[in-house]
Amino acid sequence: MAKRIESIGLDAYYGAFKAIEDVNVVIEPKTITALIGPSGCGKSTFLRTLNRMHEVVPGARVTGRLLLDDEDVYGPGVDATGVRRTIGMVFQRPNPFPTMSIYDNVAAGLRLNGVKGKKVLDEAVERSLKGANLWNEVKDRLPKPGAGLSGGQQQRLCIARAIAVEPQVLLMDEPCSALDPISTLAIEDLMTELKDRFTIVIVTHNMQQAARVSDRTGFFTIEATGEPGRLVEIDDTQKIFTNPGEKRTEDYITGRFG
Amino acid sequence: MSSLSTTPPPSVSPDGRAGTLPRTGGRSSERRGDRVFRGLSLGAGLSLLGIIVAIAVFLVVQAVPALRDNTASFLTDTVWDPNAASPAFGIVALAFGTVLSSLLALAMALPVALGVALFISHYAPRRLAGPLGYVVDLLAAVPSVVYGLWGIFFLNDKVIDTSAFLAEHVGWFPLFGADGIYGRSVFLASIVLAIMILPIIASLSREVFLQVPTSQQEAALALGATRWEMIRTAVLPFGKPGVIGATMLGLGRALGETIAVAIVLSPAFVVSLDILTPNSGNTIAANIALGFAEASSTGRGALIASGLVLFAITLVVNVLARAIIHRRREFTA
Amino acid sequence: MTSVRTPVIGGLQQAALPRRAVAGLAAAVVAVTALLFSVTDLQGTAGFVVVATLLHLAAQTVLSRVVEGPRRAADRLVTTAVVAAFLLALAPLVSVLLYTLQNGLERFDWDFFYRSLRSIGARDAGGGANHAIVGTLQQVGLATLMSVPLGLLVAVYVVEYGRGRLAATIRFFVDVMTGIPSIVAGLFVLSFWILGLGFGYSGFAAALALTVLMLPVIVRSAEEMLKLVPNDLREASLALGVPRWKTVVRIVLPTALPGIVTGVMLAVARVMGETAPVLLTAFGAASIVRTPFDGPQSSLPLFIYQEAASPQQTAIDRAWTAALTLILVIMVLNLLARLITRRSKIGR
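Residues numbered from 1 in each chain as written. Chains lettered and ligands numbered in written order. Predicted model: local features only at pLDDT ≥ 70, side-chain atom pairs only at ≥ 80, totals over all residues.

### Re the sheet that holds strand 4 (residues 60-68) of chain A
Residues and elements named next belong to chain A.
Part 1 of the reasoning: Strand order in the open sheet formed by 4 strands is 2-1-4-5, with antiparallel pairing between adjacent strands. Each of the sheet's edge strands pairs with one partner strand only, and the pair in question is strand 2 (17-27) and strand 5 (71-72).
Part 2 of the reasoning: Strand direction decides the pairing type here: strand 4 and strand 5, joined by 2 bridges, are antiparallel. Bridge assignment links L67 to a residue of strand 5, and that residue is D72. (Pairing = 2+ DSSP bridges. Helix = DSSP H or I, 4+ residues; strand = E, 2+ residues; numbered from the N terminus.)

Take a look at the structure:
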C-alpha cells in the first residue's frame, strides 16, 4: 500500500523565480515526515511538487527527479491526474465541496474514478469516515451539506475524502493551522492511526506538533528574500529536536531565528 | 464590501453629527447642508422607484381606451387588426412568437455562451483572459439595428440554405415544417437574438466561474480529477445559480429585443411552429416598431397594451433572475 | 483497492495520444469532409466547418477512448468543444464588422457627414446623415445631462446614506430596471409625455426615453466605484470635522471619478445605438432640426432603420455608412472607457 518517495536534485519554479533548489530526500513508507521552517521557505511548495499540484499554478514547473518507489513522477508518459490519485492531499483550510452532502464529498473521488453502485460506495464512505474518526459524529446526517460541520470536522471530512480513493501517500499542508486546539489534537491522533496504512508527509508551522507526531523532521529555510528555499537537513525527529546537525536548525528550533 | 458601504464610521452617527459628544463643532448651516444632501439623494432613489411604477401606470392608462373598444378578447385571441373600424386584437400570436423566438435563441446561445465563459475562465492562458473577455463583450456593443442590417442582407441568404437543408433532411421534426419558401423567418430572428444575448450570458457566467475558490478547484484536482472533471465537480455546481440568473437576464433581453427582429422578420399574426418559413410568426416588440407609424389612435393603444404585456413578462423574468443572483451573492459572502 | 478503469501501463504510466496523432486526425477529418462535400449535395464554407468540427469531435473521442480511456476522452472532447464555442462566438463579430466596413465605405464621404436627406428621395444618390448625427448628439447629450446627476445621487444614497430595507429595495430595482426592454421605455415616454401631456414627438422626448435606459446603468457603475473608495478616506475627512455631504462631494466623488466617467461612457455607448425608443418618441425627420424641442427629429440608428427599409440601393448604401459611423463611435467610446479604467484603479 504505502510507498517510498525519493527526490533527487529537485528544483521548483514559479515563472522565472526559483522557489526551491536541489532538494534531496528519502521518505520511507508508513512513516510520518514533518517539514518545518520559516514562512516562504518553500516547504509547502516542496509538498505540492510531490503530487504534481505545484504545476496547477500558471507558469510553475519542476526540474529534477522524484521517485515513487521506482517510478519517476515527472517521467515521460506519466499523467498528473494519475499521480494525484495515488498521492492524496489535505489542504491548509478545510475545503469540502460546498454544494455537496457529507456523503457525496467522501464519494467524490471514487465517483471520479468510475466507481459506481450504491453498496460499494456506501461501504467505502463508511470505511473512510471511520478511518477519519468522523463516522460517529456524522453517520446520522450523511445527506446534509458538508459545509455545515465545524472546522475540525470539515478537515476530517477532507481527510476522509482523500483516503477514500485509497492513496499510497497522504500529503498534509498545515492541516491544523485553521483549527482550535481540541480539533488539532483529534487530527494528530488520526495521523498516528493513519500511519499504519499510508506514507504521510505533513507541513507544519507548529514545532510541538512536528515533535509530537512525526518520525522524521526536515528543516527548510531561505538565505534571503528572493533566494530559493533549501532543505537544510532531515533526520529522526528525536535527533532534530535534541541534537540537530546544523546550527541553523538549532537556531530555528530554539527560537533564535524565524 | 457591504460593511464598507453600510457601516458608518464609529464615532459619527448617520447624519454626520458627532454621536453623544457636545455638538460644539457642527455649525447649524453644515447640519442643514447634510440634511439637504441626504434628502436630495433619498429623493433621487425614490424617483427611481417612481419611474418603474409610472411606467406601469401610464401604459395602463393609455391602453385602457383601446382595450375598451376592442371587439376581440385581448388575452385569448390571435387576430391583430386594431386599426379597423371595429378594432379587434389579441395578444396570443404575438406572445407565442415572442416566447418561441426567445427560447430558440436561448437554446442556441446558452451552450456556446457557457463554452465561451469556460474558455476564458479556465482554458485560455491567464494573460489572455482579460483581452478575450473584452472581445466577447464587444459583441454586446454592436447596436441592434446593425445586427438587423447584417441579419437581413448577409445572414438571411445563409439561413435560407440551412433552412432548405433542414427541411429536406429533418423535415419530420416539428419545428422544421416548410412549404419550400425560406428566410426572413423566426429561425433567422432567433439566430440574430442568440448572437445578441450570447455576450450577456457569457460575461456573467465568466464572472461566476472566475469566483470559484481556488481551494475547491484544488480539492478536485488533488483527487486526481482531469480538468473537465474538476470543472464538473467544483466549478459548475458553484456557478449554477449565477448561470441560471445570467440565462434569465439573456432571456429577458431576447424577449424585449425590437429593432433587429423588426428588420429581419417577415411577420404574420399566427401561432405556428414552422420556424423556417416567412410569415409564420411575430413578436410583441417587433410588432410595436413595425405597426407604430401607421397606427390609428386605437391602434396605438393596442400596441401600448401589448407593450404592457411585454413589460410584465420581462419584469417577472428579471425579478426572478435578480433574486437568484442576489441570493447567491449572500450565500458566498 | 478500488477498481480503476482507466487503462494503466504499469503504475503511473498512462497511455496518451501524441500531439502528432491529433494533428493527423484533424487533417484526415478535413480530407474526409472534402470528399463528403464533393460526392453529396452538401455545400458552403460554414457547413464545411460545422461538419468537419463535428466529425473531428467524434473521431477524436473514439480514438481517445480506445487509447486513453473514457476520462481522458471526455476531457479532450470538452476542451475541443470549448475552443470551438469560443471561435463560433467570434465568427458573427468578425462577420458583422467586416461586412459593415465593406458596405459602409461606399458612401463614407464628405456629403454624408455634411448633408441631410432634405429633398433627397430614396432613389436619389447623395444626401447624408448630418441631421441624424446632430439628432443623436442632442438626444444622447440631453439624456446624459439628465441621467448623470440623478444617477449619481441615487448611487450616493445607496452607498453613503441608505441602509436597511429601502436601500436594498432601491438597489434591487436598479438591477431590475436594467432589464426593462428599450421599447418599453419608448412606450412609457410616448404614453406619458406625448399622449398624456400632449407635447408631441421631439428630440427631447427621445432624450427622456434614453434617460430611463441610462439611469440604471449609471447607478450600478457609480455604486461599484463608490464602494471601492477606501473607508479610511471618509473617516479621515469626517475626523477633521468636515460634514458628511462635503466629504462625499469633495473626497469620495473625486476619488471615484475615473470609474464614474467610465460608467457614463459605457452608458452613452449603449444608448447611442438604441433605435426603438427613439422611433416611438422622436419619430424621425429628413432634414436638420436645430433644437431637440422643435418637433420630430432623426437619429443615427433611426436613420439606419428607415433607410434600410427602402428597396433602393442608394438608401441602403447610406444605411451601411451610418452603421459604420455608429459602430466606430461606439467602439471608440468603449475603448476610451477601458483605457480610463486601466489607467486609474482605485486601491491598486
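We are not done yet, so read on.
### A short note on the packing of helix 3 (residues 102-112) of chain A against helix 6 (residues 151-164) of chain A
All names here are of chain A.
Part 1 of the reasoning: In contact at an axis separation of 7 Å, helix 3 and helix 6 are set at 30 degrees when each is read in the N-to-C sense. On the basis of the axis angle, helix 3 is roughly parallel to helix 6. For the element pair helix 3 and helix 6, the recorded crossing hand is right-handed. Between helix 3 and helix 6, the contacting residues are I102, N105, V106, A108, G109 and L110 on the first element and L157, A160, R161 and A164 on the second.
Part 2 of the reasoning: Residue composition of the contact of helix 3 with helix 6, by class: 7 nonpolar, 2 polar and 1 charged. (Axes fitted to C-alpha atoms, helices over the stretch in contact; angles between N-to-C directions. Parallel < 35°, antiparallel > 145°, perpendicular 65-115°, else oblique. Left-handed = near helix turned anticlockwise from the far one by under 90°. Contact = placed C-beta atoms within 7 Å. Nonpolar A, V, L, I, M, F, W, Y, C, P; charged D, E, K, R; others polar.)

### Side note on the interface of chain C and chain B
Part 1 of the reasoning: Between chain C and chain B, the contact holds 80 residues from the first and 77 residues from the second.
Part 2 of the reasoning: Per element, the largest residue contribution to the side of chain C that touches chain B is 19 residues, and it comes from helix 3 (residues 70-104) of chain C.
Part 3 of the reasoning: Of the residues that constitute the side of chain C that touches chain B, the class distribution is 56 nonpolar, 14 polar and 10 charged.

### Overview of the nonpolar core
Part 1 of the reasoning: Ranked by size, the top nonpolar core spans 279 residues in total, and within it V116, L149, V192, L198 and A289 of chain B carry the most contacts.
Part 2 of the reasoning: Broken down by element, this core gets its largest block of residues, 18 residues, from helix 6 (residues 186-211) of chain B.
Part 3 of the reasoning: Inspection of this core shows a minimum of three residues originating in each of domain 1 (19-106) and domain 2 (130-343) of chain C.
Part 4 of the reasoning: Apart from residues no more than four positions distant in its own chain, V116 of chain B is found in contact with V136 and A202 of chain B together with A85, F86 and A89 of chain C. (Core = buried A, V, L, I, M, F, W, Y, C linked by C-beta atoms within 7 Å. Buried ≥ 20, exposed ≤ 12 C-beta atoms within 10 Å, placed from the backbone. Domains from an automatic or database assignment.)

### A look at the confidence of the model for chain C
Residue and element names in this part refer to chain C.
Part 1 of the reasoning: Looking at chain C as a whole, the pLDDT averages 89, with 95% of positions reaching at least 70.
Part 2 of the reasoning: Counting interchain partners and residues more than four positions distant, the pLDDT-below-50 stretch residues 1-10 has 18 contacts.
Part 3 of the reasoning: Interface predicted TM-score (ipTM) for the complex: 0.91; the corresponding pTM is 0.89. (pLDDT = per-residue confidence, 0-100.)

### Examining unusual backbone geometry
Residue and element names in this part refer to chain A.
Part 1 of the reasoning: Backbone geometry places D22, a non-glycine residue, at a positive phi of 50 degrees.
Part 2 of the reasoning: Structurally, D22 can be placed in strand 2.
Part 3 of the reasoning: You will see that D69, though not glycine, has its phi angle at about 50 degrees, which is positive.
Part 4 of the reasoning: You can see D69 is positioned in the loop between strand 4 and strand 5.
Part 5 of the reasoning: Residue D69 is classed as exposed on the basis of its 12 C-beta neighbours within 10 Å.

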